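Observations on the three-dimensional arrangement
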Amino acid sequence: MDFLRPAGWEEALAAKAEHPTAVPIAGGTDVMVEINFDHRRPAYLLDLNRIPELHEWETGGDHVRLGASVPYTKIMENLRAELPGLALASHTVASPQIRNRGGVGGNLGTASPAGDAHPALLAAGAEVEAESVRGTRLIPIDEFYTGVKRNALQPDELIRAVRIRKADGPQQFSKVGTRNAMVIAVCAFGLALHPGTRTVRTGIGSAAPTPVRAGAAEEFLNAALEEGGFWDSGRGITPSVVRRFAELCAAACDPIDDVRGTAGYRRHAVGVMARRTLTWTWESYRDASKGGA
Amino acid sequence: MRVNLTVNGRPQQADDVWEGESLLYVLRERLGLPGSKNACEQGECGSCTVRLDGVLVCSCLVAAGQAEGREVVTVEGLADHAGQRAGGTESRTGGTDPRTGEGTELSPIQQAFIDAGAVQCGFCTPGLLVAADEMLERNPDPTDEDIREALSGNLCRCTGYEKIMDAVRLAAARQSEGS
């Protein structure tokens, strides 16, 4: 095994181009587990810890450009206003030790369906900034996850940053596990209200081969909110609409039975989380509308 | 490969390090610092917790090469680390054995663990001490909720958490009296 230690981003891209099988390591919270357990013996480890810009974020404009290695702790501490859903999700990641090292770039690189950041990214709207010596491309988050632990990156590409749309309304994140800390999601759900475009976006974690949006549920809810004039009136959403939304979210799942839970349980729990997160965010939206009036 | 790093204030060099090796392995097996414990090797238990450039991390998930040039504090150096924070002007490392920490007055959190009876088998203790000390550094007046969250990445197999809570409360109280 070779340990590649680029001192800068250009050098890292060159190393990845030269050694496409090199495994990038940042926080190490996924990669080191695989090495410790002998599940993986890469020919090259590509250490990204020494590249300062990966640890930085920019908040100008309508999105946050979040460096791939910004640890979850920093997201919780610094980006709660711009990225409330991701900040909530970050807080559910493992433990302080893991949140100090792990970041969204690694979550995307691993592309586990159970990664905690994914539902929040899907709900907020995001693009993955993938770069290689050939150039930079922006991959829409909906197209990034291509299979179980597979993503749309090319072998010579590294994740430079994630561009996440700044919140224009309330966001929520919910996760089911056996305790609060050190839990891999049995399933998870993210929801973001976008009053600017009068749309609602969702993200489902750990209940399908990849993180997914509940597309049909979003379409149903967007139409129902529009037809009922809910965005303007700020009324509570009709219970039957909430119920139907929850059913459609559960139907968007394609889960499996595994050690953490059954497929049936996951479908049920996603429905419950969809109902709750919609209720919570809508209450926040109503409170904010009242406050603003 | 060779790895140079500073551990508990002293420059250290480890040779013949395998590229996939963890910082934990380097500390225990190459530098003779067995205070940090090796248990789950997947970041679940916190027994290997150390400070890496001040940040609380699981040393089993840090690749040895990533520690090149960095500063590490292990439980062996905790008393000195806490002492310097409390404003100890002169280094107390003079009479201290860098491998065992012997010869140094215990840190407040270590003393509190003894006084509160927060040590049973002792395996989780080093990680808990490093994690609790880091919290007291950031948050000198923690609520019970703060303590629980700060220690949520450290598992005690004896399930002695109540005494551990007592110990951290005790250390916080003593720290605020002393200041």
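Keep in mind that what you see is a predicted model, and the values were worked out from it rather than measured.

The helix and strand tally for chain B stands at six helices and five strands. Computed over the C-alpha atoms, the radius of gyration of chain B is 16 Å, within 12% of the 16 Å expected from 2.2 N^0.38 for a compact globule of 179 residues. The C-alpha extent of chain B, read off along each of the three principal axes, is 45 × 35 × 25 Å. Within chain B, buried positions represent 51% of all 179 residues. Of the contacts formed within chain B by residues at least 6 apart in sequence, a portion of 61% connects residues at least 24 apart.

Looking now at the packing of helix α2 (residues 78-85) of chain B against helix α4 (residues 125-138) of chain B. Residues and elements named next belong to chain B. Across the interface, α2 lies against α4 with an axial gap of 11 Å and an inter-helix angle of 5°. One element, α2, and the other, α4, form an angle in the roughly parallel class. Where α2 abuts α4, its residues L78, A82 and R85 lie against L129, V130, D133 and E137. Grouping the constituent residues of the contact of α2 with α4 by class yields four nonpolar, no polar and three charged.

Taken together, the contacts link 23 residues of chain B with 25 residues of chain A. It is strand β4 (residues 55-58) of chain B that contributes the most residues to the side of chain B that touches chain A, four residues altogether. A per-class count over the side of chain B that touches chain A returns ten nonpolar, ten polar and three charged.

What follows deals with the sheet that holds strand β2 (residues 10-14) of chain B. All names here are of chain B. Spatially, the five strands line up as an open sheet ordered β2-β1-β5-β3-β4, and their pairing is mixed. What marks the edges here is a single partner per strand, and that holds for β2 and β4. Adjacent strand axes in the sheet meet at a mean angle of 40°, parallel and antiparallel pairs treated alike. Relative to β2, strand β1 (residues 3-7) runs antiparallel, the two sharing five bridges. Residue pairing for β2: V3 is matched across the bridge by A14. Across the sheet, α4 touches β3 (49-52) and β4, and the angle it forms with β3 is around 45°.

Bringing the domain arrangement of chain B into the picture now. Residues and elements named next belong to chain B. Here the domain parsing of chain B yields domain 1 (3-74) and domain 2 (76-178). Averaged C-alpha coordinates put domain 1 and domain 2 at centres separated by 19 Å. Domain 1 puts 18 residues into the contact, and the matching count from domain 2 is 18 residues. Of the residues contributing to the side of domain 1 that touches domain 2, the split by class is six nonpolar, nine polar and three charged.

Let's shift gears to helix α7 (residues 117-124) of chain A. Residues and elements named next belong to chain A. Across the eight residues that make up α7, a large majority, eight, are buried. Buried within α7 are the following residues: A117, H118, P119, A120, L121, L122, A123 and A124. Of the residues trailing α7, G125 is marked for its positive phi of about 95°.

Formed by 139 residues in total, the largest nonpolar core has its most connected members in L86(A), L121(A), A124(A), C249(A), V270(A) and A132(B). Tallying contributions element by element places α4(B) first for this core, with seven residues. Here this core spans two domains, since at least three of its residues come from each of domain 1 (3-74) and domain 2 (76-178) of chain B. If sequence neighbours within four positions are ignored, C249(A) has contacts with T202(A), I204(A), A214(A), A217(A), V270(A), G271(A) and A274(A).

Here we come to the sheet that holds strand β2 (residues 23-25) of chain A. All names here are of chain A. Overall, parallel pairing links the three strands, which are arranged β1-β3-β2 in an open sheet. Each edge of the open sheet carries a strand with a single partner, namely β1 (2-4) and β2. Averaged over all pairs of adjacent strands, the angle between their axes in this sheet comes to 30°, without regard to strand direction. In this sheet, strand β3 (residues 44-47) lies alongside β1 in parallel orientation, the contact comprising three bridges. Note on β3: the bridge partner recorded for D2 is Y44.

Another point: the pairing of β3(A). All names here are of chain A. Bridge count for β2 against β3 is three bridges, and the pairing is parallel. Paired with V23 across the two strands is L45, which belongs to β3. Handedness of the β2-helix α2 (residues 31-36)-β3 crossover: right-handed.

With that settled, consider the environment of C121(B). Considering the arrangement of structural elements, one finds C121(B) in the loop between α3 (108-116) and α4. Put simply, C121(B) and C156(B) are 35 residues apart on the chain and 9.1 Å apart in space, counted from C-alpha to C-alpha.

Turning to unusual backbone geometry, a few remarks are in order. Here the phi dihedral of S206(A) falls at roughly 65°; this positive angle occurs in a residue that is not glycine. Examined against the element boundaries, S206(A) turns out to sit in the loop between β13 (199-205) and α9 (215-227). Looking at S206(A), the number of C-beta atoms within 10 Å reads 30, which means it is buried. Phi is positive for D53(B), close to 50°, though the residue is something other than glycine.

Analysis parameters
Residues numbered from 1 in each chain as written. Chains lettered and ligands numbered in written order. Predicted model: local features only at pLDDT ≥ 70, side-chain atom pairs only at ≥ 80, totals over all residues. Helix = DSSP H or I, 4+ residues; strand = E, 2+ residues; numbered from the N terminus. Rg over C-alpha atoms; globule rule 2.2 N^0.38 Å. Buried ≥ 20, exposed ≤ 12 C-beta atoms within 10 Å, placed from the backbone. Contact = placed C-beta atoms within 7 Å. Axes fitted to C-alpha atoms, helices over the stretch in contact; angles between N-to-C directions. Parallel < 35°, antiparallel > 145°, perpendicular 65-115°, else oblique. Nonpolar A, V, L, I, M, F, W, Y, C, P; charged D, E, K, R; others polar. Pairing = 2+ DSSP bridges. Domains from an automatic or database assignment. Core = buried A, V, L, I, M, F, W, Y, C linked by C-beta atoms within 7 Å. Right-handed = clockwise from strand over helix to strand, strands pointing away.

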